[in-house]
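Given next are the chains, with one letter for each unit.
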Amino acid sequence: MDKKFIFVTGGVLSGLGKGIAAAAIGALLEAKGLRVTLQKLDPYLNIDPGTLSPFEHGEVYVTDDGCETDLDLGHYERFTHVCTSVDNNYTTGRIYNNVITKERRGDYLGNTVQVVPHITDEIKEAVKSAAKDQYDVVIVEIGGTVGDIESLPFLEAIRRFRYDVGRENVLYVHLTLVPYIKAAGELKSKPTQHSVKELREIGIQPDILLCRSEMPLSQDVKRKIAMHCNLDDYAVVAAIDVDTVYEVPIWFRSEGLDRQIEKKLHLNLPQADLRVWEDVVRKIKMPRQETVIAIVGKYIGLKDAYKSLSEALLHGGIANDARVVVQWVDSEEIEKKGVENLLAEVDGILVPGGFGNRGIEGKIMAARYAREKKIPYFGICLGMQIAVIEFSRNVCGLSANSEEFDPEAKDKVIYLMENWYNHRTGMIEQRNKDSQMGGTMRLGAYPCVLKEGSRAMAAYGTRELSERHRHRYEFNNLYRDLLVSQGIEITGLSPDGQLVEIIEIKDHPWFLGCQFHPEFKSKPIEPHPLFRAFIEASIKEKRSLFK
Ligand code: GLN
């Protein structure tokens, strides 16, 4: 079978859930036996999202090969079996950077270098780089909204792409909004018509429309949209608001989207088997029990800053047949109001990853409270470092801090390890103290070896694992013996024993900190072992008023 390409564009306004729609199409096609990969093309000038504030852009998602990417790649990995990499996310900045590098090298042999065809060709190459042999279908999501100046080169490139790989191998899916206007009591199709008109002006006739709406679209509404947009009725698919995003593949199948895709791509596939997704949805909608988890963080104003984390907690709930009620707690509030006032009624405390000084003391207070009151504690990356600082101060009596927060601290229990052995490259790497850029970070998947009999080992059920990292600072080995003698257990290490990857506290129901980000690898159909175990412990130690 020829490789198939599905391009997903968005219209009317942003935030309609293009990433989820693309990922759900991926899940639906996997359920029909196809091997699927997904790619995001982002029309902004940053080379990658690594430097973007999570306040503005949501979380930075990290891949196995150490790329800092758009959070939509997290949706792709949660909905399908794809393992994303550097080839799955391109930005305008990266495309231009490639073209300019080639120009400086003299690759264009004296030609004038232009947006068309040089930038558009580079975009087509980017799409092809994701189309590895093992995949049958490549789903490409174009960021932004049709009509934006920035997306034009991408749209022109995907228009041209059809000529390269053949008409029958390319499908254009356009996601729009069909708003319900209360005063008129009507669903309005005009914004969709305009958006499609705009797409057609630049030469792309969508094959399928996904119409976001609050309610199902009647056959009449679909017919009207189809008529105006030059489509047949069945190609207009309602994408209604559902209770959980994991219901979207099921909804798409009930709308016949898979049959439309098959028809338009000349495929003949078996029925989609969505039983695993049905099971996930049932567990989310009808859990047996509840538990309350506090996430003590800094970016709590924008939930997308912790997208993978909140999904992983949900998955931990699925694994325990429980609803996880998340309480977002601003660590600066803890400093102001006192820890007891904010955390007295939660079953588990989670301190997630983060950078910079703000709210650090509040997080340390939260870790202390969890340790002393025997509340399950899960520290992720910064959250592990916080637990180490807290223990060093309050149990070992050190003047402890992380070099990140106080370069002059007497006991830098968390510090910048200037030379470290990189298990991925097999080389000694050096960190440059003065650089704030991603180059100084430990990024991507690294191996970890667990201690027999540990909580981590009980959760994973295996001794060796690989997890993704994104941090600059490490546990300082000078303090290892002291901390261990006072009750910290080091239960996960890099294979050479030099990098502390997991710490636990013995005399406690469940207290674990990991230097990596387990949330990036959790899926609803394969909940992450540490999240499963943390939620299980929180249910057992229940203090909240929920049933
Ligand atoms: N700021 C810490 C570091 O750089 C932790 C980073 C994180 O939590 N991702 O090591």
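Residues numbered from 1 in each chain as written. Predicted model: local features only at pLDDT ≥ 70, side-chain atom pairs only at ≥ 80, totals over all residues. Heavy atoms only, no water.

K.L.:
When you look at the pairing of strand E19 (residues 427-430) in this model, what are you seeing that I'm missing?
P.N.:
For a regular strand, side-chain orientation follows a simple rule: the groups alternate between the two sheet faces. Pairing of strand E18 (residues 419-422) with E19, which is carried by four bridges, proceeds in the antiparallel orientation. Looking at E19, one finds that Tyr421 is bridged to Ile428. (Pairing = 2+ DSSP bridges. Helix = DSSP H or I, 4+ residues; strand = E, 2+ residues; numbered from the N terminus.)

K.L.:
So what exactly am I meant to see when it comes to the site of the ligand here?
P.N.:
Within the structure, the ligand sits among Gly353, Gly354, Phe355, Cys381, Leu382, Gln385, Glu404, Arg470, His471, Arg472, Tyr473 and His517. The separation between a nitrogen atom of the ligand and a polar side-chain atom of His517 is 3.1 Å. Listing elements by their share of the shell around the ligand, those giving two or more residues are helix H16 (382-394) and strand E21 (464-471). Residues belonging to the shell around the ligand are distributed by class as follows: four nonpolar, five polar and three charged. (Near = heavy atom within 4 Å. Polar contact = N/O pair within 3.5 Å; in protein donor to acceptor, adjacent residues only side chain to side chain. Nonpolar A, V, L, I, M, F, W, Y, C, P; charged D, E, K, R; others polar.)

K.L.:
Please explain the packing of aromatic side chains as it appears in this structure.
P.N.:
Working definition: an aromatic ring pair is given by the centre-to-centre distance plus the angle between the planes. Tallied over the entire structure, the rule returns 14 aromatic pairs. Ring centres 5.8 Å apart and planes at 25° place the aromatic pair Tyr306 and Trp328 in the stacked group. Remark: Trp328 occurs in strand E13 (residues 322-330) and Tyr306 occurs in the loop between strand E12 (289-297) and helix H12 (307-319); sequence separation between them is 22 residues. On the accessibility criterion, Tyr306 (5% relative accessible area) is buried. Look at Tyr377 and Phe511: their rings are 4.5 Å apart centre to centre, the planes differ by 20°, and that puts the pair in the stacked class. Pair noted here: Tyr377 is in strand E15 (residues 377-380) and Phe511 is in strand E25 (residues 511-514), with a separation of 134 residues, a long-range link. The burial state of Tyr377 is the same as that of Phe511; both residues are buried. Each residue in the set Phe5, Phe7, Phe161 and Tyr172 is aromatic and connected to the rest through ring pairs, giving one cluster. (Phe/Tyr/Trp six-rings, centres within 6.5 Å; stacked < 30°, edge-to-face > 60°. Buried < 20%, exposed > 50% of the residue type's maximum accessible area, 1.4 Å probe, protein only.)

K.L.:
Looking at this structure, how should I read the nonpolar core?
P.N.:
Generally speaking, soluble globular proteins have nonpolar side chains that are buried together. Judged by nonpolar contacts, the single largest core of 51 residues is most densely connected at Ile6, Ile25, Ile139, Leu210, Phe252, Leu257 and Ile261. It is helix H1 (residues 18-30) that contributes the most residues to this core, nine residues altogether. Setting aside anything within four residues of it in sequence, one finds Leu210 in contact with Ala21, Ile25, Val173, His174, Leu175, Thr176, Val237, Phe252 and Leu257. Within the second largest apolar cluster, 42 residues are counted, among which are Ala294, Ile349, Val388 and Ile505. (Core = buried A, V, L, I, M, F, W, Y, C linked by side-chain atoms within 4.5 Å. Contact = heavy atoms within 4.5 Å.)

K.L.:
Is there a simple way to think about helix H5 (residues 115-130) in this case?
P.N.:
Because the α-helix completes a turn every 3.6 residues, residues three or four places apart line up on one side. With 16 residues, H5 should reach 22 Å at 1.5 Å per residue; the first-to-last C-alpha distance of 22 Å fits that figure. All of the buried residues in H5 are His118, Ile119, Thr120, Glu122, Ile123, Lys124, Ala126, Val127 and Ala130. The inward-facing, buried residues of H5 abut strand E1 (4-10), strand E2 (36-42), strand E5 (89-91), helix H4 (92-105), strand E6 (137-142) and helix H6 (152-165). (Expected span 1.5 Å × (residues − 1).)

K.L.:
Hey, could you run me through the pattern of salt bridges in this one?
P.N.:
For side chains of opposite charge, pairing can occur when their charged atoms come near one another. Applying the stated criterion across every chain yields a total of 49 salt bridges. Close ionic contact of Arg393 with Glu361 constitutes a salt bridge, the shortest N to O distance being 3.0 Å. Taken as a pair, Arg393 in helix H16 and Glu361 in helix H15 (residues 360-372) lie far apart in primary sequence, 32 residues in all. Of the charged contacts, one joins Glu474 and Arg442 as a salt bridge, the two residues approaching to 3.0 Å between their closest N and O atoms. (Salt bridge = Lys/Arg side-chain N within 4 Å of Asp/Glu carboxyl O.)

K.L.:
Please explain the sheet that holds E2 as it appears in this structure.
P.N.:
Backbone hydrogen bonds hold the strands of a sheet together, and the pairing may be parallel or antiparallel. With respect to topology, seven strands assemble into an open sheet ordered E5-E2-E6-E1-E7-E10-E11, the strand pairing being parallel. Since the sheet does not close on itself, it has two edges, and those belong to E5 and strand E11 (236-240), each with one partner. Between one strand axis and the next, the sheet turns through 20° on average, direction left out of account. Alignment of E1 against strand E7 (residues 170-177), held across six bridges, turns out to be parallel. (Axes fitted to C-alpha atoms, helices over the stretch in contact; angles between N-to-C directions.)

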